[in-house]
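Fold and geometry: a report
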Amino acid sequence: MSIDLYMWPFSPPSRAVLMLTKELNIKTNIKIIELCVGQHLQPEYLSVSPGGLVPAIDDNGYKLWESRAIMQYLCSKYGPDTQLYPKDLETRAEVDRWLYTDCTLFPFIRDVTFFSKFRSILTESTISLLKDNLKLVNQLIGDKTYLVDNHLTIADLSLSASLSFLIYYNYDLTDYPNISRWYISLSKLLPYFEEINGFTSDEANEIVSKMQKI
Ligand SMILES: N[C@@H](CCC(=O)N[C@@H](CS)C(=O)NCC(=O)O)C(=O)O
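Residues numbered from 1 in each chain as written. Predicted model: local features only at pLDDT ≥ 70, side-chain atom pairs only at ≥ 80, totals over all residues. Heavy atoms only, no water.

Note the cut-off: UniProt positions are given in the numbering used here, feature names are shortened, and annotations may be inferred rather than shown by experiment.
Within an unreviewed UniProt entry, the label attached to the protein chain reads Glutathione S-transferase, and the organism entered is Oppiella nova. Under the heading Subunit (unreviewed entry), UniProt records this for the protein chain: "Homodimer."

**Details of the UniProt feature "domain: GST C-terminal" (unreviewed entry) in the protein chain**
Rules: Helical segments are the DSSP runs of H or I of at least four residues, strand segments are the runs of E of at least two, and each set is numbered from the N terminus.
The UniProt entry lists residues 88-211 under the feature "domain: GST C-terminal" (unreviewed entry), expressed in the numbering used here. Secondary structure across residues 88-211 comprises 70% helix and 0% strand; the distance between its end C-alpha atoms is 43 Å.

**Side note on the nonpolar core**
What tends to happen in soluble globular proteins is that the nonpolar side chains get buried as a cluster. Keep this limit in mind: Buried Ala, Val, Leu, Ile, Met, Phe, Trp, Tyr and Cys residues that are joined via side-chain atoms within 4.5 Å together make up what is termed a nonpolar core. Exposure is judged per residue with a 1.4 Å probe applied to protein chains only, and the accessible area is read against the type maximum: over 50% gives exposed, under 20% gives buried, and values in between give partly exposed. Either an automatic procedure or a domain database provided the assignment from which the domain bounds are taken. Throughout, a residue-residue contact means that at least one pair of heavy atoms, one from each residue, lies within 4.5 Å.
Among the nonpolar cores identified, the biggest contains 72 residues, and L74, F114 and L163 are the most heavily contacted of them. The biggest single contributor to this core is helix 6 (residues 154-168), with nine residues. The residue makeup of this core includes at least three contributed by each of domain 1 (3-78) and domain 2 (89-212). Leaving out residues up to four positions away in the same chain, F114 has contacts with W8, F10, I109, F165, Y169, I207, V208 and M211.

**What to know about the packing of helix 4 (residues 89-113) against helix 6**
What counts is decided by this rule: Simply put, an axis is a line fit to the C-alpha atoms, just over the touching stretch for a helix, and the angle between two N-to-C directions goes from 0 to 180 degrees. In this scheme, roughly parallel covers angles under 35 degrees and roughly antiparallel covers those over 145, while 65 to 115 is roughly perpendicular and the rest are oblique. Each residue is assigned to one class: nonpolar for Ala, Val, Leu, Ile, Met, Phe, Trp, Tyr, Cys and Pro, charged for Asp, Glu, Lys and Arg, and polar for all the others, Gly among them.
Running from amino to carboxyl end, helix 4 crosses helix 6 at an angle of 10 degrees, the nearest separation of the two axes being 9 Å. Taken together, helix 4 and helix 6 sit at an angle that is classed as roughly parallel. The segment helix 4 lies against helix 6, with V95, W98, L99, D102, L105, F106, I109, R110 and T113 engaging I154, A155, S158, L159, S162, L163, F165 and L166. Class assignment of the residues belonging to the contact of helix 4 with helix 6 gives a composition of 12 nonpolar, three polar and two charged.

**Thoughts on the packing of aromatic side chains**
For clarity, the threshold we go by: Note on ring pairs: Phe, Tyr and Trp rings are taken, using the six-membered ring of Trp, and paired if centres are within 6.5 Å. Classes follow the plane angle, with under 30 degrees stacked, over 60 edge-to-face and the rest tilted.
Enumeration over the complete set of coordinates arrives at 19 aromatic pairs. Taken together, a centroid distance of 6.5 Å and an interplanar angle of 45 degrees make the contact between W8 and F114 tilted. With W8 in the loop between strand 1 (3-7) and helix 1 (12-23) and F114 in the loop between helix 4 and helix 5 (124-141), this residue pair connects regions lying 106 residues apart in the sequence. The exposure class of F114 is buried, given its relative accessible area of 4%. Relative to Y73, the ring of Y62 has its centre 5.1 Å away and its plane inclined at 40 degrees; by these criteria the two rings are tilted.

Below you can see the structure in the form of structure tokens.
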């Protein structure tokens, strides 16, 4: 049995799901949806993900989008005993809380780093909200290696993928040292991390220049 994963390799939520498929050893057919040429807006893809967003999965006819919902589903189906999404109610609630925190944070990261380079949407308010959210995340991470308990969860996968945009676009993390330390540590602990998330700043800028043309 295998699943289809529709993704764009540069997309943080896509990479979070891809990392999880590695953790759970799920046989995965990767279907690249090239955002730079508008493949996500084609009727064929809209029948999988009606909003045209990546990632999405097709698990033998069951279609699901929204990365965090996908990760919760994959853990429940393919790793029912996995500590990646713990069963204990309070521990699971903490993982969920991080996923929601990340879901709030990611649009600010995306707007300030990526979108601002080819769309005029950047406001003082977005810049300031990103700083407020990073301050909180930095405080919550403290000296932890993993966000919840002492082991990897889907919260780590989701947040690290979101934060990667800050790294690619050289966002100044001086005021958020716990975030930098945690991200670097996780990148060394996970054997697939570099392969999936290791875009260079040059590659990230090249993607911006492709987006500018559409
Ligand atoms: N909350 C969604 C966000 C997905 C998302 O924003 N995907 C972006 C790529 S990172 C996308 O598909 N953008 C296409 C568009 O905006 O039209 C998730 O976590 O899956």
